[in-house]
Structures are given as C-alpha cells and as structure tokens.
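For reference, the chains in residue letters:
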Amino acid sequence: MTDIQQTATYNQVRTRIREHVLALVGLPDIADDQPLITDHVMDSIAAVQMVAFVEGAFGLQVEDEDLELRHFDTIDGLVGLVTGKLGLR
Amino acid sequence: MTGASRDRSHHRLPDDLPAAADTWERAGAVDRAGVRAVAAHGLLGLTVPAGYGGGGLSLRESVEAHREVAGHSPSLQSLLVVHGMVCHAVRRWGRPELREDLLPRLARGELLGAFALTEQEAGSDLRALRTRLREQDGQFLVTGRKRWVSFGQLADVLLVFGVGAGGGTSVLVPVGAGARVRPEQVTTGLRASRLADVVFHDTPVPPSAMVGRPGFGVPHVATDCLTVGRLFVAAAAVGVAEAAIGLAAAHAAARVVGGKPLGCRQLVRALLAEASVAAEAAWHTVCSAADTLDRAEPAAALAASRAKFGAAQAASLATAHASRVLGAGGLTEEHRLTRLDQAARTYQVIEGPTEVLKDLIGAAVVNQARGAAPHADGAVRAQEEDDRARTA
Ligand SMILES: Cc1cc2nc3c(=O)[nH]c(=O)nc-3n(C[C@H](O)[C@H](O)[C@H](O)COP(=O)(O)OP(=O)(O)OC[C@H]3O[C@@H](n4cnc5c(N)ncnc54)[C@H](O)[C@@H]3O)c2cc1C
C-alpha cells in the first residue's frame, strides 16, 4: 500500500468508528479523546457491542490481551487498536 | 402446543429425565447421577467447538435444548446455563493454555463449572463488587464471599468476579482447599439447583487462570457471559411457559364442569389463547436473538436482554393462567405446575431482573430516537448515564 492509500484507509477507519460510536451513544458529536466508558457515556452493554462491531466491521479477532480500557475508552483508542491490527501504522 | 415450529433436534435428552426431574424437585437437589447423565448426552458442551470435544452447535441450535430441558426440570436447565457461561468465558476470553487445558474437560462434563458473580451487597449492581483479587509472588489471592452460586455445591471450578489493582476481572478458581462452600437455603424456584454460599480467603490461583483483563473483566466478561446466560434463560422461560400451557390445555380438554369440558368455556379459551400467543412470540424473539448473537451483531447484548425480558413475562403469564385453569389440584406443593410457576417467578429476578432489563431496553429505545433527532433533551441523558452504568 502506498502512503496515500494508507492515509485514506486510516481515515476511513476513523470515520467508520466515529459513526458507529455516535449511533451507539445517541449523540450528535463527540470528541475523539472523550472517555466513553470511564465517563459513563457508554454502558457495559455498549462496550460489549463495540468489541463485536470492531470484529465484524474490520474482520478482526479481538483477543483477551486487547481487552484493555485504553483501547476501548475513546475513539482515538479504538482507531489505534484497529489500525494497529490492520498494520496501518 | 404454542404453534411455534419444532426444529430439527440437535440434541437428545436422557430418557428418564421427566421421572428424574420429579425426584430431584422433591429432594430439593439434582444429584451427581443426574449431572453425569446430562454430561453423557453431551448437554454440558453443546456450544463448545467440536475441536475441543463439544457439540459445536450454534446458539440458535442450542436454545432448543434449553427450552426442552427447562420444560422438565428448570433446576437442571440452570446447570446448563451456568456451566455454559463458564465454557463461553473460557473459550472467548481465557488464555490459550487455560483453554487447551480446561475446555475439553468442561465440554465433556468431567469438570463442572459455576458462575460466581453475585455478592451479598452486589446483586444487580456490579459496581458494588467487593471480592478482592490481590497479586502476590506471581499469583492471585482471592478473598471474598459469593452468594447464590447455582450448582456451587457440585462445581469443580468457579468463575469468580472481583476487583484487583488494575480494576475488575474474573479468575477461574478450583474448588478445594482455600474455598469454603456451604449450601444456601433452598429457594422456591429452581429449588434443586444446589445453590452455594462460597467464601474465599487468600485462595491462590495462577495468573493463567485470569479470564479477561483487569479493568475490563467485570464490565466486559461479565456482560458477555450474562448475554449468553440471558439467551439461555429466555429459552428456558419459553419451555416453562409451554409446559404450563400443555398442562392447562390437557386439563381443559378433560375436566368437565357444569356439564361441559372447561375447554368449551370462552373465558378458559381466552386464558389459553393469551398464554399460547405470548409463548410463541417469546420463542420467536429468542430465536432471533440467538441468530443475532451467532452473527456477533453489535445489537446482540440488547437482543438477548429483550428476549429474556419478553420470555420471563410470557412464562409468568402462562403459569398464572394455567394455575387458574387447573384449579385446586394445580396449587399443591408437589404439582408440576407449582414447580413451573416458581421457576417463572425466579426468571423475573435472575440474569438481570425484569426492572433492570426494562430500564435498559427503554433507554435503548429512547437512544435510537435521539440518534435520529440530535436535539432531544439532554437532561434524560444525564439521569441515564448514572442509571445505565450501574447495571450490567
Ligand atoms: C435460584 C437462583 C439462582 C441464582 N444463581 C446465581 C449464580 O449462579 N451466580 C450468581 O452470581 N448469582 C446467582 N443468583 C443471584 C441473582 O443473579 C441475583 O439474585 C440477581 O442478580 C438480583 O440480585 P439481588 O437478589 O441482590 O437483588 P437486588 O439487586 O437487591 O434487586 C432486587 C430488586 O430490585 C429491583 N431493582 C434492582 N436494580 C434495579 C434498577 N437498576 N432499577 C429498577 N429496579 C431495580 C428489581 O426488581 C430487583 O429484582 C441466583 C439467584 C437465584 C434466586
């Protein structure tokens, strides 16, 4: 993949994650570094749904060692987890 | 009986299950022979992948077994629930060495698993968990007390949820030295399910026994297990509803009052109609939730909660209606309907009390509307953030 393609894919991942999080929490907008779980924006059911979403939308397997709060607490964290697993960094 | 279609069966039940169920209920205890029989029929590893010695069934295929077993013995079905949740947790969130070591033995029923989440002060509120998981010299020391552990009296391993330095998680604790297991008082519903009160005091477990990461294990592994558990309980509630309807229908057909069978009375027919349609609707919701879980759709956890709520309501309605149709005979302590009625009441409390589920489901309905209408009221959200975080 060229650098430009990488950046485009990276941005698509962020957009897809943002859209999903906004739909899940029912808010019009949210900052990428807003804590979702620790600030109770998202409940535990929504957190479980995030794992299912990440696996389904990007064809990934979330392993037990990925289950760290920093990966799921913010949009930035989720983008980092997914792009890391997709080898986009 | 409800008009819901019977599926091709993916399992076989022990032939003597109906008779054995009566014995267990009278004794207030499913015995080891009963556990061995269900293990021999593969019922303890239904959804464990075939590669690990399980039945390799999808959840959609497995709910049929839960529905059928519960129709005979709600207590025995609760073993399938808790053991199934432990299998699920180990397969999905256990370390590879734990999985390879334990899953085949769990699937064959050589090891019996139980689910230890509830505490005296932490029932539906998971944030109140007090059990401590302390790391020392490369192992975990578990200290705390767990209540109402179904089949805790017979289990070999307990999936224990607690809080450590890095936050909440779960560990698989072998029952033996270091864990004091005492029978709970027998409950009215699921009275044969061998409930235990378990106390741990610096009980050591190796790091490989950790299921889920600190900080994520309690909200995540617990919610994930409860999602599967809710689906199984929902299927059981349908089985209970159908069994009650079966008893009521048979009685209505045979019992003559005032010169004609009860089943000719419109008000009796109305009771049967209401119960039968409620049970059928609940079954469709269960099947659809099972499909949603099998496809790992984001809405799976909510779908399971919806199914459990609906099915528990259907079971309560059906058993209450059946009780009216059966009259005095159905109100005796040893009657099968009494067992079903008490199970239905229990289903309103376990695996997410009805009120908690209604709150969660209603919040999701509001949320959906808010997603579509971004200017909706923010005050609702502030109240909700607190409410929703409180319950898994
Ligand atoms: C037969 C049986 C088997 C069980 N097996 C297990 C097991 O294997 N493992 C295990 O860990 N636990 C088990 N339990 C415990 C069970 O999960 C708990 O009873 C359940 O979580 C409810 O907790 P509680 O009893 O402490 O009730 P509480 O949390 O005190 O709630 C009591 C009632 O308050 C209402 N309520 C609670 N929260 C809210 C809310 N947020 N909004 C509105 N109303 C609310 C509901 O009506 C609820 O029924 C079992 C219980 C029974 C009866």
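Being a predicted model, the structure only gives us computed values, none of them experimental. (Residues numbered from 1 in each chain as written. Chains lettered and ligands numbered in written order. Predicted model: local features only at pLDDT ≥ 70, side-chain atom pairs only at ≥ 80, totals over all residues. Heavy atoms only, no water.)

Trainee: Describe helix α5 (residues 96-108) of chain B, with residues and values.
Mentor: All names here are of chain B. Compared with the 18 Å implied by 1.5 Å per residue over 13 residues, the 19 Å span of α5 between its first and last C-alpha is a close match. At L102, α5 is deflected by roughly 35°, the largest bend along its length, and proline P104 occurs up to four residues later in sequence. Listed in full, the buried residues belonging to α5 are L98, R99, L102, L103, P104, L106 and A107. Looking at the buried positions of α5, the neighbouring elements they touch are α4 (74-93), β1 (113-116), β4 (157-164), β5 (167-174) and β8 (210-211). (Helix = DSSP H or I, 4+ residues; strand = E, 2+ residues; numbered from the N terminus. Expected span 1.5 Å × (residues − 1). Bend = angle between axes of the 7 residues up to and from the residue. Buried < 20%, exposed > 50% of the residue type's maximum accessible area, 1.4 Å probe, protein only. Contact = heavy atoms within 4.5 Å.)

Trainee: A description of the pattern of salt bridges should follow, citing residues and the corresponding values.
Mentor: As enumerated under the stated definition, the model contains 20 salt bridges over all chains in all. The shortest N-O distance in the salt bridge between R95(B) and D64(A) comes to 3.1 Å. Placement of R95(B) in the loop between α4 and α5 and of D64(A) in the loop between α2 (44-58) and α3 (69-72) is noted, with the two residues assigned to different chains. Each member of the pair, R95(B) as well as D64(A), is classed as buried. Its salt-bridge partner being D101(B), residue R105(B) comes within 3.1 Å of it at the nearest N-O pair. (Salt bridge = Lys/Arg side-chain N within 4 Å of Asp/Glu carboxyl O.)

Trainee: With reference to specific residues and values, describe the pairing of β4(B).
Mentor: All names here are of chain B. The element β4 is largely enclosed, with a buried count of 7 among its 8 residues. Across 4 bridges, the pairing between β1 and β4 is parallel. Residue pairing in the sheet places G113 in a bridge with V157 of β4. Here 2 bridges tie strand β2 (residues 132-136) to β4, and the two strands are oriented parallel to one another. Bridge assignment links L133 to a residue of β4, and that residue is G164. Here β4 pairs with β5 via 8 bridges, running antiparallel. Following the sheet pairing, V160 is matched in β5 by V171. Count of turn residues in the β4/β5 antiparallel hairpin: 2 residues. (Pairing = 2+ DSSP bridges.)

Trainee: Explain the packing of aromatic side chains residue by residue, including any values.
Mentor: Applying the stated criterion to the full structure yields 2 aromatic pairs over all chains. An angle of 80° between the planes, with centres 5.9 Å apart, marks the rings of F53(A) and F58(A) as edge-to-face. Here the basic side chain of R147(B) rests over the ring of W148(B), its NZ or CZ set 4.8 Å away from the ring centre. (Phe/Tyr/Trp six-rings, centres within 6.5 Å; stacked < 30°, edge-to-face > 60°. Lys NZ or Arg CZ within 6 Å of the ring centre and 35° of its normal.)

Trainee: Give a description of the UniProt feature "domain: Acyl-CoA dehydrogenase/oxidase C-terminal" (unreviewed entry) in chain B that names residues and reports values.
Mentor: Mapped onto this structure's residue numbering, the UniProt feature "domain: Acyl-CoA dehydrogenase/oxidase C-terminal" (unreviewed entry) falls at residues 221-365 of chain B. A distance of 25 Å separates the end C-alpha atoms of residues 221-365 of chain B, which is 79% helix and 3% strand. (UniProt positions renumbered as here; feature names shortened; annotations may be inferred.)

Trainee: I'd love a proper account of the site of the ligand, names of residues and values included.
Mentor: Residue and element names in this part refer to chain B. The immediate surroundings of the ligand are formed by 18 residues, with F115, T118, S124, W148 and E355 found nearest. Between the ligand and the protein, one listed contact pairs an oxygen atom with a backbone N or O atom of L117 at 2.9 Å. Within the contact set of the ligand, a nitrogen atom lies 2.9 Å away from a backbone nitrogen or oxygen of W148. Taken by itself the ligand offers 970 Å² of open surface, and the protein chains cover 67% of this. (Near = heavy atom within 4 Å. Polar contact = N/O pair within 3.5 Å; in protein donor to acceptor, adjacent residues only side chain to side chain. Areas by Shrake-Rupley, 256 points an atom, 1.4 Å probe, with all protein chains shown as cover.)

Trainee: So what about the UniProt feature "domain: Acyl-CoA dehydrogenase/oxidase N-terminal" (unreviewed entry) in chain B? Which residues, and what values?
Mentor: In the numbering adopted here, UniProt assigns the feature "domain: Acyl-CoA dehydrogenase/oxidase N-terminal" (unreviewed entry) to residues 17-110 of chain B. As a span, residues 17-110 of chain B carries 71% helix and 0% strand, and end to end its C-alpha atoms are 20 Å apart.

Trainee: Go over the interface of chain A and chain B, please, and point to the residues and values.
Mentor: Taken together, the contact between chain A and chain B spans 29 residues of the former and 29 residues of the latter. Overall, the association of chain A and chain B removes approximately 2400 Å² of surface from exposure, summing both partners, and the carbon and sulfur fraction of that is 60%. Its largest share of buried area at the contact with chain B, chain A owes to I45(A), D64(A) and L67(A), together 27% of the area lost on that side. Across the contact surface, chain A and chain B share 3 salt bridges. Of the charged contacts in the structure, one is a salt bridge between E55(A) and R92(B), with a shortest N-O distance of 2.5 Å. Applying the counting rule to chain A against chain B returns 4 residue pairs in polar contact (both at pLDDT 80 or more). If you list the elements that add at least two residues to the side of chain A that touches chain B, you get α1 (3-25), α2 and α3 of chain A. (Buried area = accessible area lost by both parts, 1.4 Å probe.)

Trainee: I'd like a rundown of unusual backbone geometry, residues and numbers included.
Mentor: In the Ramachandran plot, D202(B) falls in the positive-phi region, its phi being about 50° despite a non-glycine side chain. In this structure, D202(B) sits in strand β7 (residues 196-205).

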